[in-house]
Amino acid sequence: MTPRATLLTHASQLLMLQGSAAPRRGPAMTDLGIIEDGAVLIKDGRITAAGTTDELRPHSKNTEEIDCRNKVVLPGFVDSHTHPVFATPRLIDFEKRVAGASYEEIAAAGGGIRASIHGVRESSADKLAHHVLHALNEMSAYGTTTVEAKSGYGLDLASELRSLEAIRQAAQHWQGTLVPTLLGAHVVPPEFRDNPDEYVRIVCDEMIPAAARPVPQSLSRARRGIRAPQLGANLGNDTPQKLAAYVDVFCERGAFTPEQSLRILRAAVAHGLKTRIHVGQLTHTALELFSEFHCASFDHLDNLSDADIAWLARTDTVATLLPAANYFLGLTTFPPARKLIDSGVAVALATDYNPGTSPTTSMPFVMSVASTHMKMSPAEAIAAATINGACALDLQHKKGSLEPGKDADIAIFDAQDYREIPYWFGVNRCSKTILGGRY
Ligand code: NIG
Ligand code: FE
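Residues numbered from 1 in each chain as written. Chains lettered and ligands numbered in written order. Predicted model: local features only at pLDDT ≥ 70, side-chain atom pairs only at ≥ 80, totals over all residues. Heavy atoms only, no water.

Asks: What is the right way to read the packing of helix α7 (residues 196-212) against helix α9 (residues 258-270) from this model?
Replies: Two packed helices can be described by the angle between their axes and the distance between those axes. Between α7 and α9, the shortest axis-to-axis distance is 9 Å and the interhelical angle comes to 10°. When the axes of α7 and α9 are compared, the pair comes out roughly parallel. Between α7 and α9, the residues in contact are Pro196, Asp197, Val200, Arg201, Val203, Cys204 and Ile208 and Gln260, Arg263, Ile264, Ala267 and Ala268, respectively. Looking at the contact of α7 with α9 residue by residue, the classes come out as eight nonpolar, one polar and three charged. (Axes fitted to C-alpha atoms, helices over the stretch in contact; angles between N-to-C directions. Helix = DSSP H or I, 4+ residues; strand = E, 2+ residues; numbered from the N terminus. Parallel < 35°, antiparallel > 145°, perpendicular 65-115°, else oblique. Contact = heavy atoms within 4.5 Å. Nonpolar A, V, L, I, M, F, W, Y, C, P; charged D, E, K, R; others polar.)

And the structure:
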């Protein structure tokens, strides 16, 4: 049972990341607002004060105290790009790649995203929700408190809506915050191989309107098969009555063309849904093509021109980098994080948790890869995994920093210095995660 008020005390380092109504850029990414012997006061699920233990000690009456000696306390990670609705791992793809085949070769031979369709089409919403919930629990064990979750392996109307319903069900049983995204345009399913534009029409005319429609009350309540929630759903979108807050599209060779992507994103806007894009993972697409959408984020961005970077730096769109996918695909190239940050682009990091390119739920692992392979400093990696991730989901008003008024989403690491978070890899040093004040 979590008390009404909790006081965290004596943190070796408290990382506040305060003062961020907009994403961090350039040198501001390294300003973590570190307080030594730090303390945080939590009441009714919100942060009410943060400072030194001496400053907050007078508030300790009637609070449960958590001693954070030898711990680093920071905002819970915001994992702003995941694909958790799938039925089984893709072990054949994995073996083929280890034997030398590329991601695109495996997809052309019947593997890749299409290999995950059958499992999702055959699974009930309850079964998918169990998978999603399992992933969410793993994520929060690594310090993540907010997750963007995409559909995208059902690829027909019923299966995409069932995938979104599974996300909604899982949200009712997890204490963190979920942001649901429709990714009906992940790849063209086999039955539309010869008529991809008809599939695009279905995404635009059927899936998007259905995902944007108000959800009947019966779907909002606890479902059979999963233990009844104690505290109710926590969907981070401001329109929780919809199945999806965002529409995403995989704009890429072998997936959707820029022209098809524009049609899909225009349909999203017409139905009041926000937009984000997988773009530049395998090949280059000029980003300015998508300027009309003011997308919350562009994700992957392995292939960028100088013109893209200069344009991105002038926008509020966050560049969400997913280096665990490069790691898992065995690539030696990574998105140009240094160039992006040094040019003033707002950079976020996310896991891209999915069965094909990034089967990891660990934000600290992603941060480690970002530091080692993309030369992001540990401080930049932390800003990218917290406040900039919150901006990528338009949740910066309540997530991503430890400031009075924000949700009490907090990760506590068994470390004395924040640089240890990306330093120790392949092990979990997160000792406690507080989700909306609950732990
Ligand atoms: O973000 N790029 C597209 N989607 C995923 C891969 C999905 C899969 O292979 O299952 C990604 O890497
Ligand atoms: Fe992805």
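Asks: I tried to follow the coordination of the iron ion (ligand 2) on my own but got confused; where do I start?
Replies: Each donor-metal-donor angle in an ideal tetrahedron of four donors is 109.5 degrees, and each such angle in an ideal octahedron of six donors is either 90 or 180 degrees. For the iron ion (ligand 2), the protein coordination sphere consists of His81 (NE2), His83 (NE2), His278 (NE2) and Asp352 (OD), at 2.0 to 2.3 Å. Expressed as a motif, the donor residue spacing for the iron ion (ligand 2) is H-x1-H-x194-H-x73-D. Here His83 is found in the loop between β6 (77-82) and α2 (91-98), whereas its partner Asp352 is found in the loop between β13 (347-349) and α13 (363-374), with 269 residues between them in sequence. Using a relative accessible area of 2% as the deciding quantity, one classes His83 as buried. Judged by its relative accessible area of 1%, Asp352 is buried. (Donors = N, O, S within 2.8 Å, 3.2 Å for Na, K, Ca; no water. Buried < 20%, exposed > 50% of the residue type's maximum accessible area, 1.4 Å probe, protein only.)

Asks: How should I be thinking about the nonpolar core in this particular structure?
Replies: Nonpolar side chains in soluble globular proteins tend to be buried together. Counting 106 residues, the largest nonpolar core has Ile264, Phe298 and Leu349 as the members making the most contacts within it. The greatest single-element share of this core, amounting to nine residues, is contributed by α7. In contact with Ile264, not counting residues within four places along its chain, are Ala185, Val200, Val203, Cys204, Ile208, Val247, Val249 and Phe256. One finds Leu8, Cys68, Val73 and Ala408 within the second-largest nonpolar core, a separate group that totals 17 residues. (Core = buried A, V, L, I, M, F, W, Y, C linked by side-chain atoms within 4.5 Å.)

Asks: Any chance you could explain the confidence of the model for the protein here in plain terms?
Replies: Residues shown with low pLDDT carry predicted positions that ought not to be read at fine detail. When the pLDDT values of the protein are averaged, the result is 94; 94% of them are 70 or greater. Overall, residues 221-233 carries pLDDT values under 50, and its contacts beyond four positions in sequence, including any with other chains, amount to 25 contacts. (pLDDT = per-residue confidence, 0-100.)

Asks: Just checking my understanding: could you explain the sheet that holds strand β12 (residues 318-321) for this structure?
Replies: Strand pairing in a sheet relies on backbone hydrogen bonds, with the paired strands running either antiparallel or parallel. One open sheet holds the eight strands; their spatial order is β6-β7-β8-β9-β10-β11-β12-β13, and the pairing between them is parallel. If you trace the sheet from one side to the other, it starts and ends with β6 and β13, each paired once. Ignoring which end each strand starts from, the neighbouring axes of this sheet average 25° apart. Two strands pair when backbone bridges link them, and strand β9 (residues 246-251) and strand β10 (residues 274-279) are joined in this way by six bridges, in the parallel orientation. Its bridge partner being in β10, Asp248 is matched across the sheet by Arg276. Contacts between helix α5 (residues 125-141) and the sheet are confined to β6, β7 (144-150) and β8 (177-185), with β7 contributing the most and set at about 145° to the helix. Sheet contacts for helix α14 (residues 378-385): β6 and β13; angle to β13, the most-contacted strand, approximately 80°. (Pairing = 2+ DSSP bridges.)

Asks: How do you make sense of the site of ligand 1 when you look at a structure like this?
Replies: Near ligand 1 there are 15 residues, and of these Tyr103, Tyr153, His186, Gln281 and Thr357 occur at the shortest range. One of the side-chain nitrogen or oxygen atoms of His278 is found 3.2 Å away from an oxygen atom of ligand 1. Contact between ligand 1 and His300: an oxygen atom at 2.9 Å from a side-chain N or O atom of the residue. Contact with the protein chains removes 100% of the 320 Å² of surface that ligand 1 exposes when unbound. Within the shell around ligand 1, the residues separate by chemical class into four nonpolar, nine polar and two charged. (Near = heavy atom within 4 Å. Polar contact = N/O pair within 3.5 Å; in protein donor to acceptor, adjacent residues only side chain to side chain. Areas by Shrake-Rupley, 256 points an atom, 1.4 Å probe, with all protein chains shown as cover.)

Asks: What exactly am I supposed to notice about α5 here?
Replies: Every α-helix winds through 3.6 residues per turn, so residues three or four apart in the chain are directed the same way. With 17 residues, α5 extends 24 Å between its outermost C-alpha atoms, agreeing within 8% with the 24 Å of an ideal straight helix rising 1.5 Å per residue. Turning to α5, its buried residues number three or more, namely Ala125, Asp126, Leu128, Ala129, Val132, Leu133, Ala135, Leu136, Met139 and Ser140. In the core, the buried residues of α5 are packed alongside β6, α4 (117-121), β7, α6 (157-171), β8 and β15 (430-434). (Expected span 1.5 Å × (residues − 1).)

Asks: Before we go on, may I ask you to explain unusual backbone geometry in this structure?
Replies: Among all residues save glycine, negative phi is the norm, and among peptide bonds the norm is trans. Positive phi values are uncommon outside glycine, yet Asp37 reaches one of about 50°. With respect to the secondary-structure elements, Asp37 resides in strand β2 (residues 34-43). At Asn70, a position not held by glycine, the phi torsion is positive, near 60°. Relative to the helices and strands, Asn70 resides in the loop between β4 (64-67) and β5 (72-75). Exposure remark for Asn70: the relative accessible area of 43% places this residue in the partly exposed category.

Asks: How should the packing of α5 against α6 be read in this particular structure?
Replies: Two numbers describe how α5 lies on α6: the axes approach to 8 Å, and their chain directions differ by 50°. Our classification of the angle between α5 and α6 gives oblique. In the packing of α5 onto α6, the handedness of the crossing is right-handed. Contacts between α5 and α6 involve Ala125, Asp126, Leu128, Ala129, Val132, Leu133 and Leu136 on the former and, on the latter, Arg162, Ser163, Glu165, Ala166, Gln169 and Ala170. Across the contact of α5 with α6, the residue classes tally to eight nonpolar, two polar and three charged. (Left-handed = near helix turned anticlockwise from the far one by under 90°.)

Asks: Would you mind going over a negative patch on the surface with me for this structure?
Replies: A surface patch of like charges, here negative, comprises Glu36, Asp37, Asp54 and Glu55. Broken down by secondary-structure element, the contributors of at least two residues to the negative patch are β2 and α1 (53-56). Looking at Asp54, the relative accessible area reads 65%, which means it is exposed. (Patch = residues over 30% accessible without salt bridge, like charges linked within 9 Å, V, L, I, M, F, W, Y side chains within 5 Å. Salt bridge = Lys/Arg side-chain N within 4 Å of Asp/Glu carboxyl O. Lys, Arg positive; Asp, Glu negative; His and termini not counted. Charge placed at Lys NZ, Arg CZ, Asp CG, Glu CD.)

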